[in-house]
Amino acid sequence: RRNVCFEIELSDLRTESRRAVFEKNDARAFNVTWITNDIAAFLLESPLADAPAGPIGMPGYHTELWQLNVRTGQAKRIAEVGAGVEYSHQIIRLQGGSIGFVKVERVNAGKDDGNALFVYVAATGETRELARLAGRRITGARASPDSHWIGFVASETTLGEVWVVTADGASRRVVAGPVAANTPI
């Protein structure tokens, strides 16, 4: 992936013209999602400087959550969500211009510890922790249709439990389990 330029372009279907609004060398973006009509959020993965190769010879990477105003081209890094791990990062779109994301804060014996769920409120720029489950890995997070709840699987090993947390973090509880660690919600 080194020496590759990632670019986000906007296309005008009326004139068939395109213009670049964001570019970064040695990176790849994924999980692009709209927060508002003008603001998109995406995850950007890029190599760690001087990182040793991982178990299959690939260099270590870090993943960041970014926000992009597509009208002005102004981009802003919101948060580091993981470094040097193979975690399936995702963005959870919520109503009112908020997004949720799981943050990987450390790696133990080559395994990530994606145990903290956060929400980012684009209108205020605030990032808040919604849930932290020590010793567990959060996967499969999804918002309810009304965006009032986020459901996810929290697992210690191959089995876990389905949890829900309110979008403001005020309430959380287990609703099912045991389930397989990567059960989709």
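Everything here concerns the structure above.
Before going into details, it helps to say that this report is about the structure given with it. (Residues numbered from 1 in each chain as written. Predicted model: local features only at pLDDT ≥ 70, side-chain atom pairs only at ≥ 80, totals over all residues. Heavy atoms only, no water.)

Here we look at the sheet that holds strand E7 (residues 91–94)
Ordered in space as E7-E8-E11-E12, the four strands form an open sheet in which the pairing is antiparallel. Across the chains shown, the open sheet's two edge strands, defined by having one partner strand only, are E7 and strand E12 (126–132). Averaged over all adjacent pairs, the angle separating strand axes in this sheet is 25°, with direction ignored. Here six bridges tie strand E11 (residues 116–121) to E12, and the two strands are oriented antiparallel to one another. Within E12, the position partnered with valine 119 by the bridge is arginine 128. (Pairing = 2+ DSSP bridges. Helix = DSSP H or I, 4+ residues; strand = E, 2+ residues; numbered from the N terminus. Axes fitted to C-alpha atoms, helices over the stretch in contact; angles between N-to-C directions.)

Here's the deal with the nonpolar core
Counting residues in hydrophobic clusters, the biggest one holds 16 residues, and the most contacted among them are Leu94, Leu117, Leu130, Ile150, Phe152 and Val165. Listing elements by their share of this core, those giving two or more residues are E7, E11, E12, strand E13 (137–143), strand E14 (149–155) and strand E15 (159–166). Residue contributions to this core peak at three residues, all from E14. Every residue in contact with isoleucine 150, bar those within four places of it in the chain, is listed here: Leu94, Leu117, Leu130, Ala141, Arg142, Ala143, Trp163, Val164 and Val165. Listed in part, the 15 residues of the second largest apolar core include Leu43, Val81, Phe101 and Tyr120. (Core = buried A, V, L, I, M, F, W, Y, C linked by side-chain atoms within 4.5 Å. Buried < 20%, exposed > 50% of the residue type's maximum accessible area, 1.4 Å probe, protein only. Contact = heavy atoms within 4.5 Å.)

Some thoughts on the pairing of strand E3 (residues 28–34)
Of the strand pairs in this sheet, E3 and strand E4 (residues 39–47) are connected by five bridges, and their pairing is antiparallel. Paired with phenylalanine 30 across the two strands is leucine 43, which belongs to E4. The hairpin turn running from E3 into E4, its antiparallel successor, is four residues long.

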